[in-house]
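Examining the three-dimensional arrangement
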Amino acid sequence: MKLSSLVAAAALVFAGNASAAEPINWQRYIVAETGASVDIPTSVFTEDAGKPEGAYGKQFLTSDGRANLTIESLTNEAGDSPATFLAKRNPPKDIVYKKITSRFFVVSSFRNDKIWYDRCNFAASLVNCVLINYPAAEKRGWDGIVTRISNTLASGNLQGTRSGDGDLTLGTVARR
């Protein structure tokens, strides 16, 4: 069997598992310190992977560790534009998809056998991001998940002050 056939078969198996076996459960996740929020598939990302380094937010893993999701809010004290902020992070030269506007950037590419996807929205002195890594062989099965996560990323109205013990809160998803 050719590699492309194996990749297609794996994608169909994943897509079938993600949509037919059980519906995906979504919840609205809110970063308590900044108010940034995003819909996350809690039936897909079931494991807590701790806080991201140097940012407010949370990291999640699939139960088998094959994919991960990071939600993070970073300060943008320099007031960098999305293009400048991205350039300062020294992204790889082989980016497959890149969109930069005055309010956000999205970049995506391949690394080894994974697809990485990063979206960052800019608001006031904060940059709110979602970073997702998932198996390239399962791309078709992940497309809808990545799209919903990306499209629901919203900046909060808080300005990055630490409240209480810094824990993040998990709310419910509003009907859309």
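Residues numbered from 1 in each chain as written. Predicted model: local features only at pLDDT ≥ 70, side-chain atom pairs only at ≥ 80, totals over all residues. Heavy atoms only, no water.

**Looking at the confidence of the model for the protein**
Taken over all residues, the pLDDT of the protein has a mean of 82, while the share at 70 or more is 77%. Across residues 1–20 the pLDDT falls below 50, and counting only partners more than four positions away or on other chains, this stretch makes 18 contacts in the model. Low pLDDT (under 50) marks residues 159–176, which in the prediction has 43 contacts with non-local residues, meaning those over four places away or in another chain. (pLDDT = per-residue confidence, 0-100. Contact = heavy atoms within 4.5 Å.)

**Here's the deal with the sheet that holds strand β7 (residues 104–111)**
A sheet is described by the order of its strands in space; here seven strands give the open sequence β3-β4-β5-β9-β8-β7-β6, paired in antiparallel fashion. Of all strands in the sheet, those bounded by a partner on one side alone are β3 (45–48) and β6 (97–100). Mean inter-strand twist for the sheet, computed between neighbouring axes without regard to direction, equals 20°. The pairing of β3 with strand β4 (residues 56–62) spans three bridges and is classified as antiparallel. Looking at β4, one finds that phenylalanine 45 is bridged to threonine 62. Helix-sheet contacts for helix α3 (residues 139–152) involve β3, β4, β5 (68–75), β8 (114–123) and β9 (126–135), and the interaxial angle to β9 is about 170°. (Pairing = 2+ DSSP bridges. Helix = DSSP H or I, 4+ residues; strand = E, 2+ residues; numbered from the N terminus. Axes fitted to C-alpha atoms, helices over the stretch in contact; angles between N-to-C directions.)

**Side note on the pairing of β4**
Within β4, five of the seven residues are buried, leaving the element largely enclosed by the surrounding structure. Here β4 pairs with β5 via six bridges, running antiparallel. Within the sheet, the bridge partner assigned to tyrosine 56 lies in β5 and is serine 73. Where β4 folds back on β5, the antiparallel hairpin that results is connected by five residues, among which glycine 65 adopts a positive phi of roughly 75°. (Buried < 20%, exposed > 50% of the residue type's maximum accessible area, 1.4 Å probe, protein only.)

**Comments concerning the environment of threonine 75**
For threonine 75, the position within the fold is in strand β5. For threonine 75, a relative accessible area of 46% puts it in the partly exposed group. Placed 50 residues apart in sequence, threonine 75 and serine 125 show a C-alpha to C-alpha distance of 5.8 Å.

**A few points about α3**
Compared with an ideal rise of 1.5 Å per residue, which puts 14 residues at 20 Å, α3 spans 20 Å between its outermost C-alpha atoms and is within 8% of the ideal. Those residues of α3 lying buried are Gly141, Trp142, Ile145, Val146, Ile149, Ser150 and Thr152. (Expected span 1.5 Å × (residues − 1).)

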